[in-house]
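Overview (structure and organization)
Here is how the chains run, residue by residue.
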Amino acid sequence: NAGVTQTPKFQVLKTGQSMTLQCAQDMNHNSMYWYRQDPGMGLRLIYYSASEGTTDKGEVPNGYNVSRLNKREFSLRLESAAPSQTSVYFCASTYTKDEQFFGPGTRLTVL
Amino acid sequence: AQSVAQPEDQVNVAEGNPLTVKCTYSVSGNPYLFWYVQYPNRGLQFLLKYITGDNLVKGSYGFEAEFNKSQTSFHLKKPSALVSDSALYFCAVRPYGQNFVFGPGTRLSVLP
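What counts, and where the lines are drawn
Residues numbered from 1 in each chain as written. Chains lettered and ligands numbered in written order. Predicted model: local features only at pLDDT ≥ 70, side-chain atom pairs only at ≥ 80, totals over all residues. Heavy atoms only, no water. Helix = DSSP H or I, 4+ residues; strand = E, 2+ residues; numbered from the N terminus. Rg over C-alpha atoms; globule rule 2.2 N^0.38 Å. Buried < 20%, exposed > 50% of the residue type's maximum accessible area, 1.4 Å probe, protein only. Areas by Shrake-Rupley, 256 points an atom, 1.4 Å probe, with all protein chains shown as cover. Lys, Arg positive; Asp, Glu negative; His and termini not counted. Charge placed at Lys NZ, Arg CZ, Asp CG, Glu CD. Contact = heavy atoms within 4.5 Å. Buried area = accessible area lost by both parts, 1.4 Å probe. Salt bridge = Lys/Arg side-chain N within 4 Å of Asp/Glu carboxyl O. Polar contact = N/O pair within 3.5 Å; in protein donor to acceptor, adjacent residues only side chain to side chain. Phe/Tyr/Trp six-rings, centres within 6.5 Å; stacked < 30°, edge-to-face > 60°. Disulfide = S-S within 2.5 Å. Core = buried A, V, L, I, M, F, W, Y, C linked by side-chain atoms within 4.5 Å.

**Focus: the overall build of chain A**
Counting its secondary structure elements, chain A contains 0 helices and 11 strands. Helices and strands in chain A line up, N terminus first, as β-β-β-β-β-β-β-β-β-β-β. Rg of the C-alpha trace for chain A: 13 Å, near the compact-globule value of 13 Å for 111 residues, within the 12% margin. Taken over the C-alpha atoms alone, chain A extends approximately 35 × 25 × 25 Å along its principal axes. For chain A, buried positions account for 48% of its 111 residues. About 5,200 Å² of surface is accessible on chain A, with carbon and sulfur atoms providing 50% of the total. Taken together, the 11 basic and 9 acidic charged side chains of chain A have centroids lying 6 Å from each other.

**A look at the overall build of chain B**
Along its length, chain B carries 0 helices and 12 strands. Taken over C-alpha atoms, the radius of gyration comes to 13 Å for chain B, in line with the 13 Å a tight globule of 112 residues would show. Across its three principal axes, chain B shows a C-alpha extent of roughly 40 × 30 × 20 Å. The buried share of chain B, reckoned over its 112 residues, is 47%. In chain B, the share of contacts with a sequence separation of at least 24, taken over all contacts with a separation of at least 6, comes to 55%.

**Thoughts on the interface of chain A and chain B**
At the junction of the two partners, chain A supplies 21 residues and chain B supplies 19 residues. Summed over both partners, the interface of chain A with chain B comes to about 1,500 Å²; 53% of that surface belongs to carbon and sulfur atoms. Inspection of the chain A/chain B interface yields 1 salt bridge. Among the salt bridges present, the one from E99 of chain A reaches K49 of chain B, with a minimum N-O distance of 3.2 Å. For the interface between chain A and chain B, the tally reads 6 residue pairs in polar contact (both at pLDDT 80 or more). At the level of elements, strand 4 (31–37), strand 5 (43–49) and strand 9 (87–94) of chain A are the ones that each hand at least two residues to the side of chain A that touches chain B.

**Side note on the packing of aromatic side chains**
Per the counting criterion, the structure on display carries 14 aromatic pairs over all chains. Taking the centre distance of 6.3 Å and the plane angle of 20° together, the rings of Y33 of chain A and Y48 of chain A count as stacked. One end of the pair, Y33 of chain A, is in strand 4; the other, Y48 of chain A, is in strand 5, with 15 residues separating them in the sequence. Take Y33 of chain A and Y48 of chain A: they sit in the same class, and that class is buried. With a centroid separation of 4.3 Å and an interplanar angle of 25°, the aromatic rings of Y50 of chain B and F67 of chain B are classed as stacked. With a gap of 17 residues between them, Y50 of chain B in strand 6 (residues 44–50) and F67 of chain B in strand 8 (residues 64–68) connect regions that are remote in the sequence. Residue Y50 of chain B shares its accessibility class with F67 of chain B, and that shared class is buried.

**Some details on the state of the cysteines**
Considering all chains together, one arrives at 2 disulfides over all chains under this definition. Disulfide pairing is shown between C23 of chain A and C91 of chain A; the S-S distance is 1.9 Å. Here the S-S torsion is close to -70°, and the disulfide linking C23 of chain A with C91 of chain A is therefore left-handed. With C23 of chain A in strand 3 (residues 19–25) and C91 of chain A in strand 9, this pair connects stretches of sequence that are 68 residues apart. Note on cysteine connectivity: C23 of chain B is disulfide-linked to C91 of chain B, with sulfurs 2.0 Å apart. Across the S-S bond of C23 of chain B and C91 of chain B the torsion is about -65°, and the bridge reads as left-handed. Of this pair, C23 of chain B sits in the loop between strand 3 (19–21) and strand 4 (24–26) while C91 of chain B sits in strand 10 (residues 87–94), and the two are 68 residues apart along the sequence. Each member of the pair, C23 of chain B as well as C91 of chain B, carries the same accessibility label: buried.

**Details of the nonpolar core**
In terms of nonpolar packing, the biggest core is built from 28 residues, with W35, L47, L48, F74, L76 and Y89 of chain B touching the most fellow members. For this core, the secondary structure elements donating two or more residues are strand 2 (10–14), strand 3, strand 5 (32–38), strand 6, strand 8, strand 9 (73–78), strand 10 and strand 12 (106–111) of chain B. Broken down by element, this core gets its largest block of residues, 4 residues, from strand 10 of chain B. Ignoring anything within four residues of it in the chain, the contact list for L76 of chain B reads L19, T20, V21, W35, L47, L48, F63, E64, A65 and Y89 of chain B. Membership of the second largest hydrophobic core comes to 20 residues, among which are V4, M19, M27 and Y64 of chain A.

So, in structure tokens, the structure goes:
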């Protein structure tokens, strides 16, 4: 039982490049989330998927897209990276009213 | 707008002393309440939650939290701090049927 896994752990991009962050969970959770963490701002929700086949925008969706590939996997894509997207990205999953389980994070730098 | 406040960016406490990390919230209804801890270069780890019932909830690593409905607060406490408790602590609320809202975090430093 690996919980929530994320790849890659680190990434450096140049402005304008694209990349996909991968997330998978093996806890049979229905809901999955993508957050970004910036100093002094806590976690801000980018996108979420309440169940397989559905995705919705969170607080800061601009510049991102997501895909809920199946119940286990939820990917986040940056189509044209910008320096403002330099951040630490966390994937999380949960049942309805239970706590969220977080992945180890992806540290992204956009030059 | 729904929000979570952690009024202290940093809390310093001597090892062995009691610690409190404060959290207040402004959300509609009766939300679920959570505390998470983040160690350097790691994801957030769940500490404890309040759904309903006793206002004092106990969680992992000897932590507990007190829910106060009238003050809309959910302060994290530990009777005797350890140096290994030094980390970033996040309060979070989940309004019914809605997504989590996280506070900005409080950095706890326990001094030997």
